[in-house]
Amino acid sequence: MQTTILPPGADAALGQDAGGDTYGALPSHGRFGYSAIHRRPHYRWPNGARLAVYLGFNIEHFAFGEGLGAKLGPVCPEPDVLNYAWREYGNRVGAWRCLELFEQLGLSAGVLINTALYDHCPELVAAFVARGDELIGHGHTNAHQQGRLDEAAEAALLRHCRERIGAESGVAPTGWLSPWISESLVTPDLLQETGYRYTLNWAHDDQPVHMLTRSGETLWSIPYPQELNDIPMIVARQMDGRDFARMIVDNFDEMLEQSVQQPLVMGIALHPYLVGQPYRLRHLRSALQHLAAARDRGEIWFTTPGAICDHVASLEQLRQPF
């Protein structure tokens, strides 16, 4: 049986040494401490920018007749043809329309992929690779939650995804987003030990943050949005495409003003079965044109999560966790 080793101090933080004051410190993760946004080291992004912006474009594949997946309509007995086919529209049509839009505006993307796509529609992954987009590990399929795996199985999943993406597309991913943002207590440790340099799982900050791992090495947390994200906004909150696009613009304009005080990261999480629908794509186009214009004026750094990780890892003032 494999022993779980947590970061230093995490035993107490997780309550494993409980028995003290009932009203003392609450259980925590032991990965990083509290740090107010206005008390951080100062630095700039490339070209002197203060706001880094990226697209997190999620291309996913789901098992037919089993497993999890976002729902358009009421859940039906399996095979749930309605919801499966709606999601598959993203791979057959929506992703290609989004790719055309990104090309028209000259926007790079961080492309989060399930490795099951290599068996299902490898030409779709290849099209983004041909553009020079960054590939980011996103599990084998979004039909299953990573946090339900034991440590050995989770480590095997992380290795499989990194090795298969490297073999199929020529570059092993350095970043990871868990399917359903599902983690175990040791996911950050396993990511670092498997060769990943950053995670997108945590939505706790607007700047990259050092995460402590049991090896003592840093795993970077790069901000990934759960608000500026089409699944919770469109599926859960039933926001329409016009309002989601307005949300992107408002979030951008506000963060651009805030970035005068400190460097910030703004990610936009997109899924092609949602924003690739024609009427939503029309509004997304307008929002991304707004961002592209700011890029052309030199106001922002439009980039990828991996490039953000590379930049902060190179900065002397960020050598130590804050």
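Scroll up to find the structure.
This one's a predicted model, so the numbers in the text were calculated from it and none came from an experiment. (Residues numbered from 1 in each chain as written. Predicted model: local features only at pLDDT ≥ 70, side-chain atom pairs only at ≥ 80, totals over all residues. Heavy atoms only, no water.)

### Quick look at the state of the cysteines
So, point 1. Inspection of every chain in the model, using the stated rule, returns zero disulfides.
So, point 2. Left without a disulfide partner, C98 is nearest to the cysteine sulfur of C121, which lies 14 Å away.
So, point 3. Judged by its relative accessible area of 12%, C121 is buried. (Disulfide = S-S within 2.5 Å. Buried < 20%, exposed > 50% of the residue type's maximum accessible area, 1.4 Å probe, protein only.)

### Description of the pattern of salt bridges
As a working rule, side chains carrying opposite charge can pair if their charged atoms are close by.
So, point 1. Throughout the structure, instances matching the rule amount to 15 salt bridges.
So, point 2. Residues R197 and D310 are paired through a salt bridge, measuring 2.5 Å at the closest nitrogen-oxygen approach. Of this pair, R197 sits in the loop between α6 (187-194) and β5 (198-199) while D310 sits in helix α11 (residues 305-313), and the two are 113 residues apart along the sequence.
So, point 3. Among the salt bridges present, the one from D296 reaches R295, with a minimum N-O distance of 2.9 Å.
So, point 4. D296 sits in the exposed class, given a relative accessible area of 58%.
So, point 5. If you follow the salt bridges from partner to partner, you end up with E103, R131 and D133 in one network. (Salt bridge = Lys/Arg side-chain N within 4 Å of Asp/Glu carboxyl O. Helix = DSSP H or I, 4+ residues; strand = E, 2+ residues; numbered from the N terminus.)

### Thoughts on the packing of helix α5 (residues 151-169) against α6
So, point 1. One way to put it is that α5 packs onto α6 with a least axis distance of 10 Å and a crossing angle of 40°. On the basis of their axis angle, the class for α5 and α6 is oblique. When the axes of α5 and α6 are compared, the crossing they make is right-handed. Residue-level contacts link E151, E154, A155, L158, R159 and R162 of α5 to T187, L190, L191 and T194 of α6.
So, point 2. Class assignment of the residues belonging to the contact of α5 with α6 gives a composition of four nonpolar, two polar and four charged. (Axes fitted to C-alpha atoms, helices over the stretch in contact; angles between N-to-C directions. Parallel < 35°, antiparallel > 145°, perpendicular 65-115°, else oblique. Left-handed = near helix turned anticlockwise from the far one by under 90°. Contact = heavy atoms within 4.5 Å. Nonpolar A, V, L, I, M, F, W, Y, C, P; charged D, E, K, R; others polar.)

### A closer look at the pairing of strand β7 (residues 218-221)
So, point 1. Pairing of β5 with β7, which is carried by two bridges, proceeds in the parallel orientation. Paired with T199 across the two strands is S221, which belongs to β7.
So, point 2. In terms of strand pairing, strand β6 (residues 209-212) meets β7 through four bridges, oriented antiparallel. Its bridge partner lying in β7, L212 is registered against T218.
So, point 3. If you look at the hairpin formed by β6 and β7, you'll find five residues sitting between the two strands, and G216 has a positive phi there, around 90°. (Pairing = 2+ DSSP bridges.)

### Digging into the environment of H160
So, point 1. If you trace the backbone, H160 turns up in helix α5.
So, point 2. Separated by 45 residues in the primary sequence, H160 and T115 place their C-alpha atoms 8.6 Å from one another.
So, point 3. H160 has contacts with T115 and H140, leaving out every residue within four places of it along the chain.

### Re α6
So, point 1. A large share of α6 lies buried, amounting to seven of its eight residues.
So, point 2. Downstream of α6 by one or two residues, G195 has phi in the positive range, about 110°.

### Regarding helix α8 (residues 241-258)
So, point 1. The end-to-end C-alpha distance of α8 is 26 Å, a good match for the 26 Å that 18 residues give at a rise of 1.5 Å each.
So, point 2. Buried residues in α8 make contact with β1 (51-59), α7 (230-236), β8 (264-270), α9 (272-275) and α10 (278-296).
So, point 3. Taking the backbone nitrogen of R242 as reference, a side-chain oxygen 3.2 Å away marks D240 as the first, capping residue of α8. (Expected span 1.5 Å × (residues − 1). Polar contact = N/O pair within 3.5 Å; in protein donor to acceptor, adjacent residues only side chain to side chain.)

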